[in-house]
Amino acid sequence: MTMNRIINNADLVVEDMLKGWLTAHADSVVGTDNSRVVKRVRAPEAGKVGVVTGGGSGHEPAFLGYVGDGMVDAVAIGEIFSSPTAKSFLDAMRAANGGAGVACLYGNYAGDNMNVKMAMSMAEREGITVKTVVANDDVPSAPKGDEAKRRGVAGEILMWKVGAAKAAQGGSLDEVIAAAQKAIDNTRSIGIGLSACIIPAVGHANFTIENGKMEVGIGHHGEPGIDVRATVTASEMADLMLDVVLPDLPFQSGDKVAILVSGLGATPIMELYILYGEIAKRLEAKGITITFNKVGNLFTSLEMMGVTLTMMKLDDELESCLQAPCNSVGITVAGDMAVGRTYSGSVAGTTTAAAAPVATKSAAAPRTITGPSIDLSTAGDVVRDLITTVNTNRAYLSEIDGLIGDGDHGINMSKGFTGCGTRLDAMGAAANDLPKALEQLSQALMDDIGGSMGPLYGNFFLGFVTTLEPHAKLDAALFGDALAAAVANVQGMGNAQVGDKTLIDTMVPALNAFREAVANGASFADALQAMSVAAEKGKDSTKNLQARIGRSARLGARSIGVLDAGATSCCLILQSISTSLQRHLAG
């Protein structure tokens, strides 16, 4: 142990935390067959709209602390600061589905958007109707007029409370969605950071806030805010925060509001109440009345020192939903709850366990092999080499990611690739087949890696699987087709283009270089080498780019001068594939 932390294994903090959580709160929540999904004891309830959410760990009591009667029915849990997987979101939807549809209420992050979208598609095939509301209450993360790009932060709590109350009252799916959307549309938040936090598996902070300084507008993962300045008094902090939040909606005299003041993990409760008092005094002077409030560690960021302010403008419906009784670890409102009531809601045509149709594969037309080729049935070691490459570079990838991200890219990639290794071990001799091994890799990444990398890389390798699977031999032309399919899958999911500072800046030049080499008569091996060189150049190009998509896009010019972690891992992956295949060609 080199950190003063109360942990066992830095790579298993989420698993260990969940065991303790379920033991401590067994009266209200239970686990499911998916260890990353927790539901309330009475969920699902027949005829009641299910309410689910999900997000990364390290924000406790968010997200699982808001599961309970009158609150969320089920939650999907990700790695620290990473989105849950699509599989976990799907299992949460299943756990909450009582036949009246499911409302998925979550925050506006690239990984969550991708994984929820995939989960919704799978749920639809099972006959589960899912609709969503995406929280975007963090004012500093995007300018007014560009609200769709804003992050979801502590305002999600109010969105969950309102949507869950409407569901508990017997509202239809459309009514629950409308209430939750109204809630987030009328909510604004801002954070101030006073110190950094450390992801246990990384072992060091990936950003710094100097002693005596504060970051105004900081994100829940340590994303930079809008200003770094000398730390001021609680009174001045209240002025700073209100000056950002009040004009954005705007809030004005005569409004009734709900207020949340949340610590970020290490802030003394005493100080949160000092700030709340300053905020309440200023709102009263402006003729704004607080009718609902919560103060405490409501939505944290590990051991970060700091505070967030969340304000919701209320009407009668929102105020009634906030004051409706509920019981969860994160929030409790006293009163008689309609526990065990009979719901009559249903969604036409909805079933809870309809089997997804099984796709039939059409026979592929025979291909003419041109030039040197590789027997696909003996090339499964290409995937073993990928696992070694990613695990060897785990710390390097996390270090790069920590410069403008969470610092967990290498950790999460290693976890997914290691999971693939376990699957390959269980396959025995079948793992020697490259398409079969790649299929296990694709599934492991989508099942085991949250955030955006799970679905992106999972679908990247799925492009290889679907292209290679019908064939026995791999030549240059088939590899080019497979790589093209893989890149198209990634671009179709993330909509990134070359120049956006993403893994696409590595993938597309690598694909183009391979195709050009083959078109110019290069051998399979030489074309692979050209791909490898182009991948390196593409990765290096991201250092001088400003991020235009994904979480780091919110950093603006501050993202310049740092390699993109996804582009870097993509380069390592493509170079590993190149080296492995060249070895097969030479053998």
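1. Overview of the overall build of the chain
Consideration 1: Counting its secondary structure elements, the chain contains 17 helices and 17 strands.
Consideration 2: Taken over the C-alpha trace, the chain has a radius of gyration of 25 Å; the compact-globule value for 587 residues is 25 Å, and the two agree within 12%.
Consideration 3: Counting only C-alpha atoms and orienting by the principal axes, one finds that the chain spans roughly 80 × 55 × 45 Å.
Consideration 4: A buried classification covers 56% of the 587 residues belonging to the chain.
Consideration 5: In the chain, once contacts between residues fewer than 6 apart in sequence are set aside, the share between residues at least 24 apart is 74%.

2. Here's the deal with the sheet that holds strand E6 (residues 102-107)
Consideration 1: Here we have six strands laid out as an open sheet, ordered E1-E2-E5-E3-E6-E7, and mixed in their pairing. Where the open sheet ends on each side, the last strands, each with one partner, are strand E1 (29-31) and strand E7 (130-135). The sheet shows a mean angle of 25 degrees between the axes of neighbouring strands, direction not considered.
Consideration 2: The pairing of strand E2 (residues 37-40) with strand E5 (residues 74-80) spans three bridges and is classified as antiparallel. Each bridged residue has a counterpart across the sheet, and for Val 38 the counterpart in E5 is Val 75.

3. Side note on the packing of aromatic side chains
Consideration 1: As enumerated under the stated definition, the model contains eleven aromatic pairs in all.
Consideration 2: Geometrically, the ring pair formed by Tyr 457 and Phe 460 is edge-to-face, given 6.4 Å between the ring centres and 85 degrees between the ring planes. Of the two residues, Tyr 457 and Phe 460 are both situated in helix H13 (residues 453-468); the distance of three residues between them amounts to about one turn of the helix. Side by side, Tyr 457 and Phe 460 carry an identical accessibility label, which is buried.
Consideration 3: Three or more aromatic residues joined by ring pairs form one cluster here, namely Phe 417, Tyr 457, Phe 460, Phe 461, Phe 464, Phe 479, Phe 514 and Phe 524.

4. Quick word on helix H3 (residues 110-125)
Consideration 1: In a regular helix each residue adds 1.5 Å, so 16 residues correspond to 22 Å; H3 covers 23 Å between its end C-alpha atoms and thus fits that length.
Consideration 2: Within H3, the full set of buried residues consists of Gly 111, Asp 112, Met 114, Asn 115, Val 116, Met 118, Ala 119 and Ala 123.
Consideration 3: Count one or two residues on from H3 and you reach Gly 127, which has phi positive near 85 degrees.

5. Quick notes on the side chain of Asn 115
Consideration 1: In this fold, Asn 115 is placed in helix H3.
Consideration 2: Exposure remark for Asn 115: the relative accessible area of 0% places this residue in the buried category.
Consideration 3: A polar contact is formed between the side chain of Asn 115 and the backbone oxygen of Pro 84, at a distance of 3.3 Å.
Consideration 4: Here Gly 111 takes part through its backbone oxygen, which lies 2.9 Å from a polar atom of the side chain of Asn 115.

6. Comments concerning the sheet that holds strand E15 (residues 332-333)
Strand pairing in a sheet relies on backbone hydrogen bonds. The paired strands run either parallel or antiparallel.
Consideration 1: Read from one edge to the other, the open sheet built from three strands follows the order E4-E14-E15, with strand pairing classed as antiparallel. Of all strands in the sheet, those with a lone pairing partner are strand E4 (68-69) and E15, marking the two edges.
Consideration 2: Of the pairings in the sheet, the one linking strand E14 (residues 326-328) to E15 comprises two bridges and is antiparallel in character. In the sheet register, Asn 327 faces E15, and the bridge partner there is Thr 332.

7. Quick word on the nonpolar core
In a soluble, globular protein the nonpolar side chains are often hidden away together inside.
Consideration 1: The biggest cluster of nonpolar side chains holds 62 residues, and the ones touching the most others in it are Leu 105, Trp 160 and Met 312.
Consideration 2: For this core, the secondary structure elements donating two or more residues are helix H1 (13-24), E5, E6, E7, helix H4 (155-168), helix H5 (173-185), strand E11 (256-263) and helix H8 (316-323).
Consideration 3: Excluding residues within four positions of it along the chain, Trp 160 makes contact with Thr 53, Ala 62, Phe 63, Tyr 66, Met 71, Val 72, Leu 105 and Phe 299.
Consideration 4: Ala 437, Leu 456, Ala 476 and Phe 524 belong to the second-largest nonpolar core, a separate cluster that totals 59 residues.

8. A few points about the pattern of salt bridges
Consideration 1: The full count for this structure, using the stated rule, is 36 salt bridges.
Consideration 2: The partner of Lys 182 in a salt bridge is Glu 317, and the shortest N-O contact between them spans 2.5 Å. Taken together, the residues Lys 182 in helix H5 and Glu 317 in helix H8 connect sequence positions 135 residues apart.
Consideration 3: Between Asp 381 and Arg 583 there is a salt bridge whose closest N-O contact spans 3.0 Å. Within this pair, whereas Asp 381 is found in helix H9 (residues 381-392), its partner Arg 583 is found in helix H17 (residues 565-586), the two being separated by 202 residues in sequence.
Consideration 4: What makes Asp 381 partly exposed here is its relative accessible area of 28%.
Consideration 5: Since its relative accessible area comes to 40%, Arg 583 is described here as partly exposed.

Criteria and thresholds
- For every chain, the first residue of the written sequence is number 1, and numbering continues from 1 onward in sequence order.
- Reporting of local features is limited, given that this is a predicted model, to residues whose pLDDT is at least 70; pairs of side-chain atoms are given and counted only at 80 or more, and all residues count toward the totals for whole chains, interfaces and linings.
- The basis for every side-chain value is the complete set of heavy atoms in the structure, and neither hydrogens nor water enter the calculation.
- Here a strand is any run of E in DSSP of at least two residues, a helix any run of H or I of at least four, and the numbering for each starts at the N terminus.
- Radius of gyration: over C-alpha atoms. The globule rule applied is 2.2 Å multiplied by the number of residues raised to the 0.38 power.
- Relative accessibility under 20% of the residue-type maximum defines a buried residue, over 50% an exposed one, and the middle range a partly exposed one, all with a 1.4 Å probe and only protein chains included.
- Residues are treated as being in contact if the distance between any of their heavy atoms lies within 4.5 Å.
- Paired strands, as defined in this entry, are two strands with at least two bridges between them according to DSSP.
- Note on geometry: axes are C-alpha line fits, over the in-contact stretch for helices, and angles between N-to-C directions span 0 to 180 degrees.
- Any two of the Phe, Tyr and Trp rings considered here, Trp counted by its six-membered ring, make a pair once their centres fall within 6.5 Å; the pair's planes then place it as stacked at under 30 degrees, edge-to-face at over 60, or tilted in between.
- The span one expects for a helix is its residue count, reduced by one, times 1.5 Å.
- We call two N or O atoms a polar contact when they sit within 3.5 Å, provided that within protein one can donate a hydrogen and the other can accept it, with sequence-adjacent residues counted only if both atoms are side-chain atoms.
- Take the buried residues of types Ala, Val, Leu, Ile, Met, Phe, Trp, Tyr and Cys, join any two whose side-chain atoms come within 4.5 Å, and each joined set is a nonpolar core.
- Definition used for salt bridges: Asp or Glu carboxyl oxygen within 4 Å of a side-chain nitrogen of Lys or Arg.

Don't take any of this as a statement about function, it's just geometry.
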